[in-house]
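Listed below are the residues making up each chain.
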Amino acid sequence: MVIKVQMEQMSPAVSKFRSIASQIISSLSPNFLLLDLGMAISFPTIALPVLLNAREGLSVNDVQASWFGSLSSLTQPFGAFLSGPIVDYLGRRRANFVVNLPHIIAWILMYFSWDLPSLFMANALLGLGTGIMEAPINAYVGEISEPSIRGSLSTFTQLFLSLGTFAMYFLGAVVDWRSAALISLAVPICSMALVLLVPETPVWLLSRGREKDALNSLCKLRGWTTPEHVREEFDQLVDYSKKLQNCVICYKLYNRDTQTCEHVTMNPIRRSLYKFRYVMLAKETLRPLIFVMVYFMFYVMSGLTPIKPNMVNICGAFGMAQDGKDIVLNVGIITICCSILVIASIRYVGKRKMAITSLLGTAISCAALSVYAKYNLDDSVFSYDTSTFPKETSYVPLILFYLMAFFTGFNLPWVLVGEVFPFRSRASAQGIAAASNYVFTFLGAKSLIDLEVYGQLWGTFAVYAAFGFVGTIFLYFFLPETEGMSLEDIEYFFNGDKIQTFANDPVINTIKRLKRRNVNE
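Here the residue index of a chain counts from 1 through its sequence in written order. Local features in this predicted model are restricted to residues whose pLDDT is 70 or higher, and side-chain atom pairs enter the listing and the counts only when it is 80 or higher, whereas totals over whole chains, interfaces and linings include all residues. Hydrogens are left out, water is left out, and the side-chain values use all remaining heavy atoms of the structure.

As named in an unreviewed UniProt entry, the chain is Facilitated trehalose transporter Tret1, taken from Papilio xuthus. UniProt positions are given in the numbering used here, feature names are shortened, and annotations may be inferred rather than shown by experiment. Checking UniProt for the chain, the heading Subcellular location (unreviewed entry) contains the comment "Membrane".

Below, the structure written as structure tokens:
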């Protein structure tokens, strides 16, 4: 005790500001990945209006336009499935470096695209690279951050996604789409350079038996401090890591913790199948995975995401009282403002209230747009045919559209992806969750033209409103409050016999900790 007191006197505690600053700086590399990701998923929005029935240069018809707008979402799931194994094998830090390569190639190919196959190939590669980026981003930020700021830090990453979206919309307003692709090339290069300045996550290092490196990493992540100031947190991580090294088969079958057992000599294929069954299909993985996938479905199909590739023409079809490109740029600004508001308020409001309010607001906005289109637009209006657009303009659909963008900016599925999965399955589960998002995004973007053909604009937005209202009910009954909980607490929570709605209830948390203490003893 005397030695400990002397050490603390010799080395004063690091300030909270310095600790938070070190975590923000360490998250810059994955944040630049998100900046690039935001630019990639927004690129069709600026290219499609120029390419659609263009009189010179590359040109696409309405069917080709629907494929171009959704193609990257079709290839993203393949990248997302690859991202988990890449992150587990290379580590979070090196994976953040490697996953930039597909986008570097894609942006170059997009700039030099000479015909439609090369154009579509570049867009498909952008989607593949976007999918590969998901697990490194979510795993790294979730594992380096303290529970008290993990929510804000995760939403801080969403700010960079919004900045990427805005940057691409801005480029679309000032330069042509080829120049925008060339400028975008700088972002993945900067991301690769920033990786050289950040440490590997302590949890991954401990899983590889590198305790000294893990301790040094934790010291850097908590404000470039000394080991004695992170000893308590480090000891908890070591205990958690030791549990992860136990044979999962023995634990699931016999409730026995051991690192050496007969399963070590088991046939590798059979052992892998057992691990898949007891890790990926375990309730602490399967419950949050199913929840997040369903949340993604309601989030994607509730309005803004499916129409993004054709947003400029959608605005024209509604007869909004602003130029389509200006509206798109303003949507980018709104998204940035929402991200800042989320960062500032999520710690106080909580994820549960914010997510439910967001999806409900989106649903109401879509319903209002549907009603407006039903009673004010002609049935011949078609967003893929500019000759059918109304001549008269109105501010009513413009305000409703901005409200939809505002509420969409407060949705939190990506924040949950970074924290709800246990370490053993985290990278793979995050990849699967991200893949589901892109599958829904592809289906939403590709079905836009069909919904318009059979239901006009009012029917299209009525479908989006229905998804929003049902999604709100789903979140009300099944979304737990994870703000302020450690990753281990969240894992233990989803491993319980029942999923309580109010996970932040102090009584429930006390019972959980007592149960875990009894299990450990």
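After that view, the rundown keeps rolling.
Colleague: Report on helix H18 (residues 311–318), specifying residues and quantitative values.
Modeller: For every residue, the accessible area obtained with a 1.4 Å probe (protein chains only) is divided by the maximum for its type, and the residue is called buried under 20%, exposed over 50%, and partly exposed between those limits. The secondary structure listing takes helices from DSSP runs of H or I that are at least 4 residues long and strands from runs of E that are at least 2 residues long, numbered from the N terminus. Burial within H18 is extensive, with 7 of its 8 residues counted as buried. Looking only at H18, the buried set comprises Met311, Val312, Asn313, Ile314, Cys315, Ala317 and Phe318. Just downstream of H18, Gly319 is the residue with a positive phi angle, here 70 degrees.

Colleague: Give a detailed account of the nonpolar core, specifying residues and quantitative values.
Modeller: We define the nonpolar core as a collection of buried residues of types Ala, Val, Leu, Ile, Met, Phe, Trp, Tyr and Cys that are connected through side-chain atoms lying within 4.5 Å of one another. Counting 116 residues, the largest nonpolar core has Phe43, Phe318, Phe401 and Phe461 as the members making the most contacts within it. Looking at this core, the element that brings in the most residues is helix H23 (residues 423–478), giving 14 residues. The split of the chain into domains comes from an automatic or database domain assignment. Both domain 1 (24–198) and domain 2 (300–520) contribute no fewer than three residues apiece to this core. Contacts are residue-level and defined by heavy atoms, with any inter-residue pair within 4.5 Å sufficient. Here Phe461 is in contact with Ile307, Ile314, Phe318, Cys366, Leu369, Ser370 and Met404, once residues within four sequence places are set aside. Core analysis: the next-biggest nonpolar cluster, separate from the first, contains 14 residues, Trp204, Leu205, Leu218 and Phe234 among them.

Colleague: Residue-level account of the side chain of Ser27, with values.
Modeller: Relative to the elements of secondary structure, Ser27 occurs in the loop between helix H2 (16–26) and helix H3 (28–51). Under this definition, polar contacts are N or O atom pairs within 3.5 Å; protein pairs additionally need one hydrogen-donor-capable and one acceptor-capable atom, and for neighbouring residues in sequence, both atoms have to be side-chain atoms. A polar contact of 2.7 Å, which involves the side chain of Ser27, links it to the backbone oxygen of Ile24. Apart from the residues lying within four places of it in its own chain, the contact partners of Ser27 are Val141, Ile144 and Leu153.

Colleague: Got a sec to walk through the side chain of Ser191? Specific residues and values, please.
Modeller: Along the chain, Ser191 turns up in helix H10 (residues 186–195). Residue Ser191 is classed as buried on the basis of its relative accessible area, which comes to 0%. Leaving out residues up to four positions away in the same chain, Ser191 has contacts with Ser29, Phe32, Leu33, Asn96 and Asn100.

Colleague: So, the pattern of salt bridges: which residues are in play, and what are the values?
Modeller: Whenever a carboxyl oxygen of Asp or Glu lies within 4 Å of a side-chain nitrogen of Lys or Arg, that contact is scored as a salt bridge. Enumeration over the complete set of coordinates arrives at 3 salt bridges. We note a salt bridge from Asp213 to Arg210, for which the minimum N-O separation is 3.1 Å. Look at Asp213 and you get partly exposed, because its relative accessible area is 34%. A salt bridge links Arg222 to Glu233, with the nearest nitrogen and oxygen atoms 2.7 Å apart.

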